Amino acid sequence: MTIEDCEMSGVGLEECFMPVVRGCRILRATSPTYLGLGLGYGVWLGTATYAGLVENCYFEECRHSVAAGGETPSMYGSIYKNNSINAGVGSEDFDCHEATYGYRFVGNTTQGGPDSRSGMNIRGVDVLLEGNQINNGYIRLIDNFSTDSSMGRMTLVGNVVRNSWNGNGIEVLQEGMYDISIIGGSIENCASFGIKVVHASRNIKISGVSFIDISGPAISLDDCNGGSVSNSTFQNCTVGVEIKSTSKNIAVSNCVGVCTNSFLTAQSASNIAVSNCIVSGITASHGIYFNVSNNCRVSNCLIDMSAASSDAIRAWGSSSTAHNISAIGNRATGTYSRGLYCFGNSSANSDTITAIGNDFRQATTAAVYAPNATMYYFFGNASQTVDHGD
């Protein structure tokens, strides 16, 4: 079946039980601006629709190819193996307007065009996005306009996002998003962020994702409580992981990164652990950089530097204290100034600085440098040179 030139919905479903839309072509379902309706859906799974299936459909130039929601939640929808071309006209191809529960978006493809904001805009709980290909677009997890102010338990597996039109590959936006898992897949050629997480999100897990050609931070965690980044790769990224704005309880492990500025930066963060990572390509800044961040630990990492005036690991306090900083069992190679540099100025001394079993033999200034440190534990560091303010 082919449906063309609808101003509202090609197929509109509300209060339906197990409806099926399969193998349809829906073209130019748009909502002209002068109507002021904000509609234009290829398929609408609306209020109280239960277990709807949209499968193997072709959409072109629809405002939304598939939209779901309603004041009474739409539940357990399955959006499988659909192809959306130059859709998302003024919005996204696939959009959950209000909270949806138990939805599955699997194997869909979007291809943005000149009028398109290609991608997915998802509000919901217990939502799965798996094996989707997003070209010239993004995936956005969001909770505004929803009937449930706390969205979460969303799992993204094996999705590929390329050439995002707004510069971000995956966005986790709005306050209170929780239990978000992003596993596998790749994010490529983004001008701003690979994954951007903001606003008090909780328990964010990123594992096995490949980041390629990201001009800004591949991962940005802003005001997040609890999370992990593991088994991911960073190729030609400016920064691998950015942690900031009171984020805390974040672990980064078993990652491999080729990053030009820094592999990891932490600004005003706490309880950050970095372990078993391999870092290279650093030419413009410090390998791992904690700025006004406390209770931070780097262990068993290999950091290859090509920045003569920068440090492999730096904890910077400036006008505040840098404390509880640990570097254990790391190796830094290449060209760099210091292996570990912890600094708090004379009115705010750095304290409880630990450096044990590191290989910083290629440091040109000092292997371990902690001026004004009040408590320190330095043992077994290769080519150790220390200034702790005595």
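Residues numbered from 1 in each chain as written. Predicted model: local features only at pLDDT ≥ 70, side-chain atom pairs only at ≥ 80, totals over all residues. Heavy atoms only, no water.

1. Describing the overall build of the protein
Line of reasoning, step 1. Regarding its fold elements, the protein presents zero helices and 42 strands.
Line of reasoning, step 2. For the protein, contacts bridging at least 24 residues in sequence account for 63% of all contacts bridging at least 6.
Line of reasoning, step 3. Carbon and sulfur atoms make up 47% of the accessible area of the protein, which amounts to about 14,400 Å² in all.
Line of reasoning, step 4. Positive and negative charge centroids in the protein, built from 21 and 32 side chains respectively, lie 6 Å apart. (Helix = DSSP H or I, 4+ residues; strand = E, 2+ residues; numbered from the N terminus. Contact = heavy atoms within 4.5 Å. Areas by Shrake-Rupley, 256 points an atom, 1.4 Å probe, with all protein chains shown as cover. Lys, Arg positive; Asp, Glu negative; His and termini not counted. Charge placed at Lys NZ, Arg CZ, Asp CG, Glu CD.)

2. A short note on the side chain of N132
Line of reasoning, step 1. Residue position: N132 is located in the loop between β17 (124–130) and β18 (133–135).
Line of reasoning, step 2. Given the relative accessible area of 0%, N132 is considered buried.
Line of reasoning, step 3. Separated by 3.4 Å, the side chain of N132 and the backbone nitrogen of G107 make a polar contact.
Line of reasoning, step 4. Sequence-distant contacts of N132, defined by excluding residues within four places in its chain, comprise F105, V106, G107, N108, M120, G158, N159 and V160. (Buried < 20%, exposed > 50% of the residue type's maximum accessible area, 1.4 Å probe, protein only. Polar contact = N/O pair within 3.5 Å; in protein donor to acceptor, adjacent residues only side chain to side chain.)

3. Structural notes on the pairing of strand β16 (residues 118–122)
Line of reasoning, step 1. Counting buried residues in β16 gives five out of five residues, a clear majority hidden from the surface.
Line of reasoning, step 2. Here β16 shows no split at all, with S118, M120 and I122 on one side and G119 and N121 on the other all buried.
Line of reasoning, step 3. Of the pairings in the sheet, the one linking strand β12 (residues 94–96) to β16 comprises two bridges and is parallel in character. Among the inter-strand pairings, D95 is bridged to a residue of β16, identified as N121.
Line of reasoning, step 4. Here β16 runs beside strand β19 (residues 137–141); their pairing, made up of five bridges, is parallel. Counterpart to S118 in the pairing with β19 is G137. (Pairing = 2+ DSSP bridges.)

4. Digging into a nonpolar patch on the surface
Line of reasoning, step 1. A cluster of nonpolar side chains, F17, M18, Y50 and Y76, forms an exposed patch at the surface whose accessible area comes to about 460 Å².
Line of reasoning, step 2. Along the polypeptide, F17 turns up in the loop between β2 (9–13) and β3 (20–22).
Line of reasoning, step 3. Under the relative-accessibility criterion, F17 is labelled exposed at 60%. (Patch = residues over 30% accessible without salt bridge, like charges linked within 9 Å, V, L, I, M, F, W, Y side chains within 5 Å. Salt bridge = Lys/Arg side-chain N within 4 Å of Asp/Glu carboxyl O.)

5. Some thoughts on the pairing of strand β37 (residues 311–316)
Looking along a regular strand, one sees side chains alternate from face to face of the sheet.
Line of reasoning, step 1. Burial within β37 is extensive, with five of its six residues counted as buried.
Line of reasoning, step 2. As judged from the five bridges shared by β37 and strand β39 (residues 331–343), these two strands associate in the parallel manner. In the strand pairing of β39, D311 is matched with R338.

6. What about the environment of S118?
Line of reasoning, step 1. As for its position among the elements, S118 is in strand β16.
Line of reasoning, step 2. A residue is classified by how much of its surface remains accessible, and S118, at 0% relative accessible area, is buried.
Line of reasoning, step 3. Sequence separation of S118 and G90 is 28 residues, and the distance between their C-alpha atoms is 9.2 Å.
Line of reasoning, step 4. If we skip the residues at most four places from it in the chain, S118 touches D93, T110, Q111, G112, I134, N135, N136, G137, Y138 and W165.

7. Here we look at the pattern of salt bridges
Line of reasoning, step 1. One pass over the full model with this rule turns up twelve salt bridges.
Line of reasoning, step 2. For R140, the salt bridge identified is with E171, shortest N-O distance 2.6 Å. Here E171 lies in strand β22 (residues 168–172) and R140 lies in strand β19, a separation of 31 residues in the sequence.
Line of reasoning, step 3. Using a relative accessible area of 15% as the deciding quantity, one classes R140 as buried.
Line of reasoning, step 4. The exposure class of E171 is buried, given its relative accessible area of 3%.
Line of reasoning, step 5. The shortest N-O distance in the salt bridge between D311 and R338 comes to 3.1 Å. One end of the pair, D311, is in strand β37; the other, R338, is in strand β39, and 27 residues separate them in sequence.

8. Section: the environment of N86
Line of reasoning, step 1. As for its placement among the helices and strands, N86 is situated in the loop between β11 (83–85) and β12.
Line of reasoning, step 2. A relative accessible area of 11% places N86 in the buried class.
Line of reasoning, step 3. Residues N86 and E61, spaced 25 residues apart in sequence, show a C-alpha to C-alpha distance of 5.1 Å.

9. A look at the state of the cysteines
Two cysteines form a disulfide when their sulfur atoms are joined by a covalent bond.
Line of reasoning, step 1. In the structure shown here, the tally under the stated rule is zero disulfides.
Line of reasoning, step 2. Here C190 is not cross-linked by a disulfide; its sulfur's nearest cysteine counterpart is in C237, at 9.5 Å.
Line of reasoning, step 3. In this model C277 remains outside any disulfide bridge; the closest cysteine sulfur is found in C301, 4.7 Å from its own. (Disulfide = S-S within 2.5 Å.)

10. So, the environment of F360
Line of reasoning, step 1. Mapping F360 onto the fold places it in the loop between β40 (351–356) and β41 (363–369).
Line of reasoning, step 2. Residue class for F360 comes out buried when judged on its relative accessible area of 1%.
Line of reasoning, step 3. When the C-alpha atoms of F360 and P217 are compared, they prove to be 27 Å apart, with 143 residues separating the residues in sequence.

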